[in-house]
Amino acid sequence: MALVLHSTSSNKNGLKALIAAEYNGVKVDLAPNFVMGVSNKTPEYLRLNPIGKVPVLETLDGPIFESNAIAKYVARLKESSLLGTCIYESALVDQWIDFATTEIDALLRMWVPALMGYFVYIPEVVDFAILGLKRALGTLNNYLSSNTYLVGHFITLADIILTCNLKPGFSVCFTKDFTTEFPHVERYFWTMINQPHFKKYFGEIKQVEKLVYPAAKAQEKKQLPQKKEPAAAKEEPSKKTKGQQKPQEVSPALQDVPPALDDDDEESKPKPKIKNPLDLLPPSSMILDDWKRLYSNTKAKEFREVAIKGFWDKFDSEGYSLWFCDYKYNDENTVPYVTMNKVSGFLQRMDMIRKYGFAKICILGESPPYKIKGVWLFRGKEIPKMVLDECYDVELYDWSKVNTTDEVQIERVNSYFEEPDVIDGEKLLEAKCFK
């Protein structure tokens, strides 16, 4: 009998076991046609778990419930590093699993369901949860500032469980404003969910942009009760002016919610779209899209003579600037694909500048630790403010402006663009282009 997991494919508690199974080479089948709230209330399911909670794992020896216990069972089925490589590492894995459960998951359960309308939104409870989460994420952020993973130099079950527990936070309530003060947690989360075994089940995840509070929803739908007037007085309000009418009493729960604007209210009119500051810069003789097309369409054997020469012919030092970037924490880069995922995540989070920028980021070195270096072309003479404000990865790099009158620095830029076998005295392992 194969292992059967009674859960949905999107349940983050069930995903702990499924992702662990991927890493451990264990076959786990999802129970067919499982419907949350229906399947887990049947007599057959309640025999597996009398509480009726999800997930449950069916094994040859009997059922197992509680998601962490299920994930640990799957991790123990084969010899691997998922639970650590020694007694001490095993204890650290347990430590971080407990942390992910009591300091992250337990507090998110007070916030996420309230935002989604499953629980009554009680501000005091949510404030307590937010305060606890900020303390926990601050602790985690400090630890991850010098560690790629929670235990050792590889993914363990602790990473799997923590990432699954963080998922609803990033999807529902961890806005960019909230996570800005935890850049290493952000880097960790996006690195983890872009690993193939995670991505297989997580798919594409977008960070929530704005919180939607239940009170705001209530105001849109709830009709406040009107006081009934005697029949003889029905026509009386029509004789009064609008300003003389007695204002409606508003429920205290809705007092902090701004009222809907009238159709003739000045603020209800559409506001003109705010232009990007980079669009307000003086016109440049360099057309960025022309350079990107030249870069993409030039054959390798002609690249230096055509593309690189064309770049410097087009380059406008008054309208654009070049910047070298060097990753600050190269000692972390011990695994090639993990290092590549850092670069991919960085470029993904720079998408807001695509219209105004171009880059080549290279991974260098024959053996670990690998170095991440590159060059960026930005509209304007400085790194755009939108990049500094919106992409936390910028803080993970040292930046230096290219002196375009220095032949040595010009040749370094050329090397990044051309991708020779050796750059800055190091073997080129991989390169990524942002265009």
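Structure shown above.
Keep in mind the model is a prediction, meaning the values are calculated, not measured.

Okay, a nonpolar patch on the surface next. Residues Met-116, Tyr-118 and Phe-119 make up a contiguous nonpolar surface patch of roughly 360 Å² in combined accessible area. With respect to the helices and strands, Tyr-118 occurs in the loop between α4 (87-115) and α5 (123-144).

Inspection of the entire model under this criterion finds 33 aromatic pairs. Taking the centre distance of 5.4 Å and the plane angle of 70° together, the rings of Trp-291 and Phe-358 count as edge-to-face. With a gap of 67 residues between them, Trp-291 in helix α12 (residues 288-297) and Phe-358 in strand β6 (residues 357-364) connect regions that are remote in the sequence. Side by side, Trp-291 and Phe-358 carry an identical accessibility label, which is buried. With a centroid separation of 5.2 Å and 65° between ring planes, the pair formed by Tyr-327 and Tyr-397 is classed as edge-to-face. Pair noted here: Tyr-327 is in strand β5 (residues 320-327) and Tyr-397 is in strand β8 (residues 397-401), with a separation of 70 residues, a long-range link. Judged by relative accessible area, Tyr-327 falls into the buried class, the value being 5%. Judged by its relative accessible area of 4%, Tyr-397 falls in the buried class. Of the aromatic side chains, those joined through ring pairs into one cluster are Trp-291, Tyr-295, Phe-303, Phe-311, Trp-312, Phe-315, Phe-358 and Phe-417. Between the NZ or CZ atom of Lys-167 and the centre of the ring of Phe-202, over which it lies, the distance is 5.7 Å. Of note, Arg-379 hangs over the ring of Tyr-320, and the distance from its end group to the ring centre comes to 5.3 Å.

Moving on to the sheet that holds strand β3 (residues 56-59). Here 4 strands make up an open sheet; going across it, the order is β2-β1-β3-β4 and the pairing mixed. Two strands bound the open sheet, and with one partner strand each, they are β2 (28-30) and β4 (62-65). When the angles between neighbouring strand axes are averaged without regard to direction, this sheet yields 25°. Relative to β4, β3 is paired through 4 bridges, and the arrangement is antiparallel. Within β4, the position partnered with Leu-57 by the bridge is Ile-64. Its contacts with the sheet place helix α3 (residues 67-76) against β1 (3-6), β2, β3 and β4, and it is angled at close to 125° to β4.

Conventions used here
Residues numbered from 1 in each chain as written. Predicted model: local features only at pLDDT ≥ 70, side-chain atom pairs only at ≥ 80, totals over all residues. Heavy atoms only, no water. Patch = residues over 30% accessible without salt bridge, like charges linked within 9 Å, V, L, I, M, F, W, Y side chains within 5 Å. Areas by Shrake-Rupley, 256 points an atom, 1.4 Å probe, with all protein chains shown as cover. Salt bridge = Lys/Arg side-chain N within 4 Å of Asp/Glu carboxyl O. Helix = DSSP H or I, 4+ residues; strand = E, 2+ residues; numbered from the N terminus. Phe/Tyr/Trp six-rings, centres within 6.5 Å; stacked < 30°, edge-to-face > 60°. Buried < 20%, exposed > 50% of the residue type's maximum accessible area, 1.4 Å probe, protein only. Lys NZ or Arg CZ within 6 Å of the ring centre and 35° of its normal. Pairing = 2+ DSSP bridges. Axes fitted to C-alpha atoms, helices over the stretch in contact; angles between N-to-C directions. Contact = heavy atoms within 4.5 Å.

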